[in-house]
Amino acid sequence: MTSLSFCDDGVTLDPLLIPTEEDKEEKKEGLGGIFFRRIPVASTALSTTPEFHQFLPIPSPESESLPRSHLPDASDPISLTADEGGLYDADVAVRQSDERMAGREGDASPSGSRKTTRSELVGMLALLRGMAMDPRNRSMAAAEEEWLETQALRARETLFHTLDDATRMRELPPPPERKLRTGRISTEGSQKKNGGKLGSVEVRTQPKRRSERIAQNANQSIHHLRTRRQRIGFGSNFQADVPDWTSPPSETDVSNYKEDLNTLKWLGTQIWPAEGDDRKTCDLVIGKGRLNYCACSFPGSVVCIRSHVSEARLKLKDDLGQAFFAWGFDGMGEEVSQLWTKEEQMSFDALKRLKNESGYNCFWEAAPKYFISRSRQDLINYYFNVYLLRRTSNQSRLTPEHINTDEEDNEHSEDAKKMKRIVIKKKAKLMRNHDQDSSGVNRVKSFTLAA
Amino acid sequence: MEGAGGGNSLPSTSGADAVKRRVSYFYDPDVGNYYYGLGHPMKPHRIRMTHSLLEKYGLLDRMKVIHPQLARDRDLCAFHTDDYVAFLQSAKPETLTNPCVARRFNITDDCPVFYRLFEFCQTYTGASVDAAKELNRCNADIVINWSGGLHHAKRSEASGFCYVNDIVLAILKLLENHDVSPLLVPSLLSSSFHRSFCVSVFHSLLLICSFLICLQRVLYVDIDIHHGDGVEEAFLTTDRVMTVSFHKFGEYFPGTGHILDNGYGKGKYYAVNVPLNDGIDDESYHYLFKPIIAKVMEVFNPDAVVLQCGADSLSGDRLGCFNLSVKGHAECVRYLRSFNVPLMLLGGGGYTLRNVARCWCYEVYWSLHVEVNDKMPDHEYLGYYGPDYNIHVATSNMENKNSRKSLDDIKAKILDNL
């Protein structure tokens, strides 16, 4: 089950900021209770940034009721007027906060520093608001003022922690030259305007490229990227920019789009039906498979199969014309071996066998050194079209119940060794049956060498 | 069909099967030569094998076959981040030495940097995006790209053998607005001087009107055995794309896809996850697939459907553990085809080469709705299919761990959400 921790702008919440049960208990006792009652109302009027709300615990019904009984002026704790814009009686709050702070400091705090920090933040906020309302009010003690200053500076540093700082802190190299100011500004609307190509966060020098913003955000969660993520990501780093639906197009719009030269250019090249090809498709037989019988001496043998495949290939070349080469049929199947000499083919098989048996898993590192005149593409082409094909063909005759086109895993297992013993026995039987067809026997030999 | 924006007909399963569909098939002959590395289960060669089989069965004659354009890096940036695309562009096996960079983009044994990696991404993505354009232009009813369907790739990291999420890019192409206003301007501007006044008036008119082609809703169905997490994540919060995934759930890659995951925000209830257990067979699978898809089509009414036909849900797959036959797998294609909505078929997983080619070939048959012989014709790769040379894959006798009761529970929950 996916679990997402985020705040409204889609930024993942720091788990430390998510209230726990212990925090809620603490809230019930002290000053925090006032805030739980007042902040939801005050916050609509005050222009606090969303980040501050991260620090504020979620109000609970129990905590709302309790503080009322503690307050000396509890009958009407909030005096909100339109003129004040929803501000509460700061003096009362400050005095009460003094009492609560004094009271709290005497309390034992078994759960440790994290719980205290949370309450301190709440108290700090109250005091700051009080000071903002009336800067001349010096009713606070000097020690308290000093404490407030320290807390406030720490909070400011954390709130306005820039992604540049995050970048410097992390192990990845910082992004190149551009220092980009970050703000927690929603960029969704602007992204759409810009076609989703550029971020729209305010910058000093140039528009911020989405990649760098995301890269910097990713820096903060670099530890998660290492492990296998087992939940769906949420946020601008993960979701695609889906354009909004507009009205459906008219007929002229559709026909104009179809004739658009720009789009035509990027549609790909039609290979089939070929230009000028007007043969009727109903004349062709679709879906016909191979016959169950043939006139070969040994139906189903390697030689039989090879001859039928060659015949089909010639017919295909005739039917397709240029498309035969455009589709790469000239590079398919055992015919590819025609481009390799007998010695090269035997060397390939021998090298493969050597690298497998020695347990040295670097056939593909060694192969280019042995076949200097062959490109990597040639080697891969030969591997799939000739080597693997012959090997599978062999397996299907010798061990039909254990065909494996991914031989890399099985070379050293016990099953593989058992399979080899079976192969040897069956090979002998196969050779007795095919001794009349000398070319067939030679082919079988080459297959068993390859296996 | 004309007017892609308006083709929302509900299914009439009886007559709809027989109606011919125009099929466009996208294939790059070079795709078979990409190689993930020794021992890696993902082998693009299977696409070449499928192509060969299709040709010999004569099916390519019934389709438009298109050599796709390579996707440009700015096409990839429609979803992926610039730095990730730049990394893919520059990555080479011999130059990848910084473990931090590898970790950042999730380059692991599953997703190695192999020779010509970026070209491979461009190839399969270009084909998917071109296929989307073909649907946008109403040139085809069904488009096919077996090299695509790499559904695990994320916005800025590789995952599960996938590097670029071609499915997301194709769906974005299906959903995007196409502004074609400047197209007539060059021809008009070339007219003679004494008509320049008329030209400038017309030009301004063109600029005022913007010509838009748009599909409102796209349905994505994923029958790969692995959860389509990359696509679900990309469209988690939108109601224009509904993602439906049938997959194995429970100690299985990628670990997401719980039945209760159904999207978020505007996209809530626009993600459907059907978790299944080992050994599910054709009958059990369709016991869920058909009613769920029917309800989805009724409720969501998409303008286009994208089906990821991962063949690792077949019986005998190297990495899979389901027990579907080729017929059962293709039945999903047949069923979706019957709704007569523009359909895109993409590849995906599938790690037993010969079974993948069989399955995808048979699914093309169903796209065209032609009869085919069970015995496959002589072709270049016939040797892979011995000893029976049959197009169908026999299922095994593995235990179906999905009880009827659990299937009923799943069905009830999903239909309830819908």
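This structure is a prediction, so every number in the text was calculated from the model and none was measured.

(A) Inspection of the sheet that holds strand β1 (residues 269–272) of chain A at higher detail. What the nine strands build is an open sheet, ordered β1(A)-β2(B)-β1(B)-β3(B)-β8(B)-β7(B)-β4(B)-β5(B)-β6(B); its pairing is mixed. Only two strands of the sheet have a single neighbouring strand rather than two, namely β1 of chain A together with β6 (271–276) of chain B. Within this sheet the neighbouring strands show an average axis-to-axis angle of 20°, counted without direction. As defined by bridge partners, strand β4 (residues 218–222) of chain B adjoins strand β7 (residues 304–308) of chain B across five bridges and the pair is classed as parallel.

(B) Region of the structure containing helix α14 (residues 404–417) of chain B. In this model, α14(B) (14 residues) spans 20 Å end to end at C-alpha, consistent with the 20 Å of a helix rising 1.5 Å per residue. For α14(B), the secondary structure elements touched by its buried residues are β6 and α11 (282–300) of chain B.

(C) Spatial organisation of the packing of aromatic side chains. Residues and elements named next belong to chain B. Tallied over the full model, the rule gives 35 aromatic pairs over all chains. Measuring from centroid to centroid gives 4.7 Å for Phe87 and Phe105, while their planes differ by 20°, and the two rings are stacked. In this pair, Phe87 is assigned in helix α4 (residues 82–90) and Phe105 in the loop between α5 (99–104) and α6 (117–136), connecting sequence segments 18 residues apart. For the pair Phe87 and Phe105, a shared accessibility class is recorded, and that class is buried.

(D) Structural view of the side chain of Thr125(B). Residue and element names in this part refer to chain B. Examined against the element boundaries, Thr125 turns out to sit in helix α6. Here the side chain of Thr125 touches Cys121 through a polar contact of 2.7 Å, landing on its backbone oxygen. Excluding anything up to four places from it in sequence, Thr125 contacts Ala71, Leu76, Val164, Asp166 and Leu169.

(E) The confidence of the model for chain A, seen in detail. Of all residues in chain A, 37% have pLDDT values of 70 or greater, and the mean over the chain is 60. Throughout residues 166–227 of chain A the model reports pLDDT below 50, and contacts reaching past four residues in sequence, or to other chains, amount to 104 contacts.

(F) Seen up close, the packing of helix α12 (residues 326–337) of chain B against helix α13 (residues 353–368) of chain B. Residues and elements named next belong to chain B. Viewed as axis vectors pointing N to C, α12 and α13 meet at an angle of 30°, and their least axial separation amounts to 9 Å. Comparing the axis directions of α12 and α13 gives the class roughly parallel. Here the hand of the crossing between α12 and α13 comes out right-handed. Residues Val326, Lys327, His329, Ala330, Val333, Arg334 and Arg337 of α12 form the contact with α13, whose participating residues are Arg358, Cys359, Tyr362, Glu363, Trp366, Ser367 and Leu368.

Cut-offs and rules
Residues numbered from 1 in each chain as written. Chains lettered and ligands numbered in written order. Predicted model: local features only at pLDDT ≥ 70, side-chain atom pairs only at ≥ 80, totals over all residues. Heavy atoms only, no water. Pairing = 2+ DSSP bridges. Helix = DSSP H or I, 4+ residues; strand = E, 2+ residues; numbered from the N terminus. Axes fitted to C-alpha atoms, helices over the stretch in contact; angles between N-to-C directions. Expected span 1.5 Å × (residues − 1). Contact = heavy atoms within 4.5 Å. Phe/Tyr/Trp six-rings, centres within 6.5 Å; stacked < 30°, edge-to-face > 60°. Buried < 20%, exposed > 50% of the residue type's maximum accessible area, 1.4 Å probe, protein only. Polar contact = N/O pair within 3.5 Å; in protein donor to acceptor, adjacent residues only side chain to side chain. pLDDT = per-residue confidence, 0-100. Parallel < 35°, antiparallel > 145°, perpendicular 65-115°, else oblique. Left-handed = near helix turned anticlockwise from the far one by under 90°.

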